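Below are the chains, spelled out letter by letter.
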Amino acid sequence: MAASCTNVGMKLECDNFTNNDPKFETKILDRYFNHGLTVILPGQNQVPSAITEILEEQISYRLNQLPLYRLIEMPFVQAFVKKGKMYMLSHGTKLECHNCVAVTPSGYLVLHLTKDTYRSLGLESVKQTHMNKKNDVYVVKINLLEKSFHPGKKGYEKVMWCLKKRLDLTFDFNVSWVPHDPKVCSSSISIYFSDICQSVGRLDVVRMSKILTSIRHPRIDCRNPEGLDGLSCSYQEAFEWMGAIACGVEGLNDEEYSYKSRLQCPEPNINCPQCCVFQAYGCLPSQTVFKIYEHLRKFSATHFKNQSLPVSFTVSGVKDSPVIRKVISPEFSIPGDSIYSVLMFPDDGYWFLTAGEL
């Protein structure tokens, strides 16, 4: 039976994969823009080769000095937005002080604008949130898939005039494209943009893997996320430990606090002879993350049935993305507002934790 726990800045959902919750996939797929992934595999000495293969197949590019109006031109919309999932995010921009832009897989062009830019642009924004008003920020959303959004229509011509004639903005972008047709190569997006921006460069995903030996692992009970005194740790303690492992904090196994860190493995805990920690950084579209999740779930089902420790992965979103999930703009621009973790237990139970963005 599904359950949930909420703490300050954290929300935990507990359920079982056998319930086939149709919303679970969207929890991952709707969080479009990610830059970090950490996988913790207790009892393993290497990451499954399928995960590294997924990341090797991930193709992303850096576009330099691309005029903004190019993103509403029909060749781009017809060939890429309508025929695949577009993950496009302005690079080197900060939400609190710069103009930021995104094109989402759902077909929206999202402009997160400063007050001066918004007034000069002349397009209507969506209703401001409390934080938008406080920071003088305006969000303009353009549905590129709207049937009436094409040349010759008043709405389209106005947007094109504002972007091209009234305020000719250019941005650097990180872009990934996943075509609907598997026979079409994702690299075709780089060929298209090479003629209309200053330069196009390939972005690689940085991968790191390490093996930890004789570490203490929190004892966790899937059915008792709040923990049982002397029998299992709480979910807050478990996720804090995961964060410490991901950050490479030393001294977690020390019986006493060390000068390096006051963090220790929570009690009760058990000895884990070996543990593989795999991390990846770069442009990680939600579809790539979802493929990794699917493989980890299969891997857990076949390799972890006879042990008590869960497989876990944590995904960090891009802090300065104007879109946290789907077409929802961030209410608060704070670290942790787009981080989530999943623990997959041997009995098909799982915990899904979101931090900051609830």
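Rules and cut-offs
Residues numbered from 1 in each chain as written. Predicted model: local features only at pLDDT ≥ 70, side-chain atom pairs only at ≥ 80, totals over all residues. Heavy atoms only, no water. Helix = DSSP H or I, 4+ residues; strand = E, 2+ residues; numbered from the N terminus. Buried < 20%, exposed > 50% of the residue type's maximum accessible area, 1.4 Å probe, protein only. Contact = heavy atoms within 4.5 Å. Areas by Shrake-Rupley, 256 points an atom, 1.4 Å probe, with all protein chains shown as cover. Pairing = 2+ DSSP bridges. Axes fitted to C-alpha atoms, helices over the stretch in contact; angles between N-to-C directions. 1 Å grid on protein atoms, 1.4 Å probe; cavity = no way out; pocket = protein on both sides within 12 Å on 5 of 7 lines; lining within 4 Å. Points joined across faces, edges and corners; volume = space filled by probe spheres on them. Nonpolar A, V, L, I, M, F, W, Y, C, P; charged D, E, K, R; others polar. Salt bridge = Lys/Arg side-chain N within 4 Å of Asp/Glu carboxyl O. Polar contact = N/O pair within 3.5 Å; in protein donor to acceptor, adjacent residues only side chain to side chain. Parallel < 35°, antiparallel > 145°, perpendicular 65-115°, else oblique. Phe/Tyr/Trp six-rings, centres within 6.5 Å; stacked < 30°, edge-to-face > 60°. Patch = residues over 30% accessible without salt bridge, like charges linked within 9 Å, V, L, I, M, F, W, Y side chains within 5 Å.

### With respect to the overall build of the protein chain
Then, in step 1: Across its full length, the protein chain holds nine helices and 15 strands.
Then, in step 2: Looking at the protein chain as a whole, 51% of its 358 residues are labelled buried.
Then, in step 3: Sequence-distant contacts in the protein chain: of pairs separated by 6 or more residues, those separated by 24 or more amount to 75%.
Then, in step 4: Roughly 17400 Å² of accessible area belongs to the protein chain as shown, and the carbon and sulfur atoms make up 49% of that amount.

### Some remarks on the sheet that holds strand 8 (residues 137–143)
Backbone-to-backbone hydrogen bonds pair the strands of a sheet. The strands run either parallel or antiparallel.
Then, in step 1: Ordered in space as 8-7-6-5-9-4-10, the seven strands form an open sheet in which the pairing is antiparallel. Of all the strands in the sheet, the pair left with one neighbour each is strand 8 and strand 10 (199–203). Direction aside, neighbouring strands of the sheet carry axes that sit 20° apart on average.
Then, in step 2: The sheet contact formed by strand 4 (residues 60–67) and strand 10 spans five bridges and is antiparallel. Residue pairing for strand 10: Arg62 is matched across the bridge by Gly201.

### Some points on the layout of surface pockets
Then, in step 1: Its boundaries defined by the atoms lining it, the largest pocket holds a volume of some 470 Å³.
Then, in step 2: Those elements that provide at least two residues to the lining of the largest pocket are strand 3 (33–42), strand 4, strand 5 (84–90), strand 9 (170–179) and strand 12 (269–285).
Then, in step 3: A per-class count over the lining of the largest pocket returns 12 nonpolar, 10 polar and five charged.
Then, in step 4: The space that makes up the second largest pocket amounts to roughly 350 Å³.

### What to know about the pattern of salt bridges
Then, in step 1: According to the stated counting rule, one finds six salt bridges in the structure shown.
Then, in step 2: When the shortest N-O distance is used, the salt bridge between Glu13 and Lys27 registers 2.9 Å. With Glu13 in strand 2 (residues 10–16) and Lys27 in helix 1 (residues 24–29), this pair connects stretches of sequence that are 14 residues apart.
Then, in step 3: Of the residues examined, Lys27 reaches a relative accessible area of 12% and is grouped as buried.
Then, in step 4: For the salt bridge of Glu73 with Arg70, the shortest nitrogen-to-oxygen distance reads 3.2 Å.

### A closer look at the side chain of Asn174
Then, in step 1: Checked against the element boundaries, Asn174 lands in strand 9.
Then, in step 2: Asn174 sits in the buried class, given a relative accessible area of 17%.
Then, in step 3: A polar contact of 2.4 Å, which involves the side chain of Asn174, links it to the side chain of Arg62.
Then, in step 4: Other than its neighbours up to four places away in sequence, Asn174 contacts Tyr61, Arg62, Tyr87, Met88, Leu89, His91, Leu203 and Cys283.

### Points about the pairing of strand 4
When a strand is regular, its side chains alternate between the sheet's two faces.
Then, in step 1: As defined by bridge partners, strand 4 adjoins strand 9 across five bridges and the pair is classed as antiparallel. Bridged to Pro67 within strand 9 is Thr170.

### Side note on the packing of helix 2 (residues 49–57) against helix 9 (residues 286–303)
Then, in step 1: Contact pair helix 2 / helix 9: the axes reach a minimum separation of 10 Å and the direction vectors enclose 170°. Comparing their axes, helix 9 and helix 2 come out roughly antiparallel. On helix 9, the residues that touch Ala50, Ile51, Ile54 and Leu55 of helix 2 are Thr288, Lys291, Ile292, His295 and Leu296.
Then, in step 2: Among the residues forming the contact of helix 2 with helix 9, the class breakdown is six nonpolar, two polar and one charged.

### Quick word on the packing of aromatic side chains
For any pair of aromatic rings, the description rests on two quantities: the centre-to-centre distance and the angle between the ring planes.
Then, in step 1: Summed over the entire model, instances satisfying the criterion amount to 23 aromatic pairs.
Then, in step 2: With 4.8 Å between their ring centres and 80° between their planes, Phe80 and Trp177 make a pair best called edge-to-face. Note that Phe80 is positioned in helix 3 (residues 74–81) and Trp177 in strand 9, a separation of 97 residues in sequence.
Then, in step 3: The exposure class assigned to Phe80 is buried, which follows from its relative accessible area of 6%.
Then, in step 4: The class of Trp177 is buried, set by a relative accessible area of 4%.

### Points about the pairing of strand 12
Then, in step 1: The buried count for strand 12 comes to 12 of 17 residues, which makes it a mostly enclosed element.
Then, in step 2: Here strand 3 runs beside strand 12; their pairing, made up of nine bridges, is antiparallel. Note that in strand 12 the partner of Pro42 across the bridge is Cys275.
Then, in step 3: The sheet contact formed by strand 11 (residues 206–218) and strand 12 spans 12 bridges and is antiparallel. Paired with Pro218 across the bridge in strand 12 is Asn269.

### Comments concerning a nonpolar patch on the surface
Then, in step 1: A cluster of nonpolar residues, Val206, Met208 and Tyr281, forms a patch on the protein surface that exposes about 260 Å² of accessible area.
Then, in step 2: One can find Tyr281 in strand 12.

### Observations regarding helix 3
Each α-helix winds once per 3.6 residues, and so residues spaced three or four apart point in a common direction.
Then, in step 1: Looking at helix 3, one finds that the buried residues are Met74, Phe76, Val77, Phe80 and Val81.
Then, in step 2: In this fold, the buried residues of helix 3 make contact with strand 5, helix 6 (154–166), strand 9 and helix 7 (188–193).

### A word on unusual backbone geometry
Keep in mind that most residues, glycine aside, have a negative phi and that most peptide bonds are trans.
Then, in step 1: For the peptide bond that leads from Glu267 to Pro268, omega is 0°, which places it in the cis range.
Then, in step 2: Assignment of secondary structure puts Pro268 in the loop between helix 8 (235–246) and strand 12.
Then, in step 3: Here the phi dihedral of Ser214 falls at roughly 50°; this positive angle occurs in a residue that is not glycine.
Then, in step 4: Looking at where Ser214 falls in the secondary structure, it is placed in strand 11.

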